[in-house]
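In case you want the letters, here they are:
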Amino acid sequence: MTVTDALSRPVPGVEVSFAVATGGGSLSAAHVSTDPQGHASATLTLGTAAGTNTVDVSAAGITDQVVFTATAAAAAPAALTIVSGDPQTLAAGDTSQPLAVFVADAFGNAVGGATVTYAVSGSGAVSSTSPLTDEFGHAQVTFRATATSTDTVSASVGGVAAPVTFHATVHAAAASQLVIVSGNNQTGAAGDSLALPLVVAVEDSFGNGVAGVTVTFADTLGGGSVTPGSAMTDAQGHAQTGLVLGTTLGSNKATATAAGLTGSPLMFSGTTIAGAPATISRVSGNSQTGTAGSALGSPFVVLVTDANNNPVSGTMVTFAVTGGGGSMSVSPATTDAAGHASSTL
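Residues numbered from 1 in each chain as written. Predicted model: local features only at pLDDT ≥ 70, side-chain atom pairs only at ≥ 80, totals over all residues. Heavy atoms only, no water.

Sheet architecture is open: four strands sit in the order β8-β15-β14-β10, paired in mixed fashion. The open sheet is flanked by β8 (88-91) and β10 (116-121), the only strands paired with a single partner. On average, each strand axis in the sheet is inclined to that of its neighbour by 25°, with strand direction left out of account. Relative to strand β15 (residues 164-171), β8 is paired through four bridges, and the arrangement is parallel. Bridge assignment links L90 to a residue of β15, and that residue is V170. (Pairing = 2+ DSSP bridges. Helix = DSSP H or I, 4+ residues; strand = E, 2+ residues; numbered from the N terminus. Axes fitted to C-alpha atoms, helices over the stretch in contact; angles between N-to-C directions.)

Cis peptide bonds are those with omega within 30 degrees of zero, and the linkage from T227 to P228 qualifies with 0°. Mapped onto the secondary structure, P228 falls in the loop between β20 (225-227) and β21 (230-232). Looking along the chain, the bond that leaves S264 and enters P265 is cis, with omega of 0°. Assignment of secondary structure puts P265 in the loop between β23 (250-257) and β24 (266-273). Phi angles above zero are rare outside glycine, and S8 is one such case at about 65°. In this structure, S8 sits in the segment before β1 (15-22). Among the residues examined, S8 registers a relative accessible area of 56% and is labelled exposed. Here S287, not a glycine, exhibits a phi torsion of approximately 60°, which is positive. Residue position: S287 is located in the loop between β25 (279-284) and β26 (300-305). Since its relative accessible area comes to 66%, S287 is described here as exposed. (Buried < 20%, exposed > 50% of the residue type's maximum accessible area, 1.4 Å probe, protein only.)

The buried fraction of strand β9 (residues 99-104) is high, at five of six residues. Direction of pairing for strand β7 (residues 79-84) relative to β9: antiparallel, over a ladder of five bridges. Residue pairing for β9: I82 is matched across the bridge by V101. As paired elements, β9 and strand β12 (residues 138-141) share four bridges and run antiparallel to each other. Each residue of the ladder has a partner; that of A100, found in β12, is Q140.

Here it is, written out as structure tokens:
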């Protein structure tokens, strides 16, 4: 500052007092005498709090006072902390609560305009990967995922060595659809259990398995049976039953039902074929009369069936002469689709 007399001439040797009024800063000198040009000066080191710093200046014998004003801005980012949003649990497809952080300088002042980088480890995504902090040092994003998972989201800022980490657990949304997993279109022997269970999945609209949903199973064609008749979905959203085929050859069908779901009821198809050969019986050709050395007029015909009296095809039947010295036209003979085999004596 400059001290002058009434005629605006510089006055040397006047003691000038400098005093910090606000802001908590410090001065290089509190009392300075004016030089030949009437000047006196002191240097202000700003306080550690962001905001206005003021210095009052007075001189001996002068009633007027001079006030200097300076503004302390936040320094470079030095600290990063989580404000809110950790941890969280949410359904697939939902938007999380904000993942909020606070950026401060080494003195704890809020740093505005700093770029915060968010990065997801997992299947989800954030609403922004590089938001700026506001005037209060805050930045935030939201998180969303459509697959069930446990994800982490890191937030980092230049100048701060250690990032902060948010944790989000994503569970299945509400049950939406019923789908076949496995076990459809099997083939098995009459009266036997199919080799593989009938498995369905209850899923949300994103294909995630939903646990704890009851699925009802029923045999609807072919005379078979299912066990169990109902099952609750497991952690993967799966429910299953076993199907015992009916004793009649042909199609077997079973349904899986979960009330209110798209795709329900589902239809499983199975094919019943004959089981292992169990019995052989005469069909025709017995007790014929013929000329010695000549073939009989009709063949001997037999029927091969399984334990449920279904005809068995593809079975080798041996015809053997046990008395009289004759011979058979064919032996062995293979049963046809009707379970018949024949040979002429």
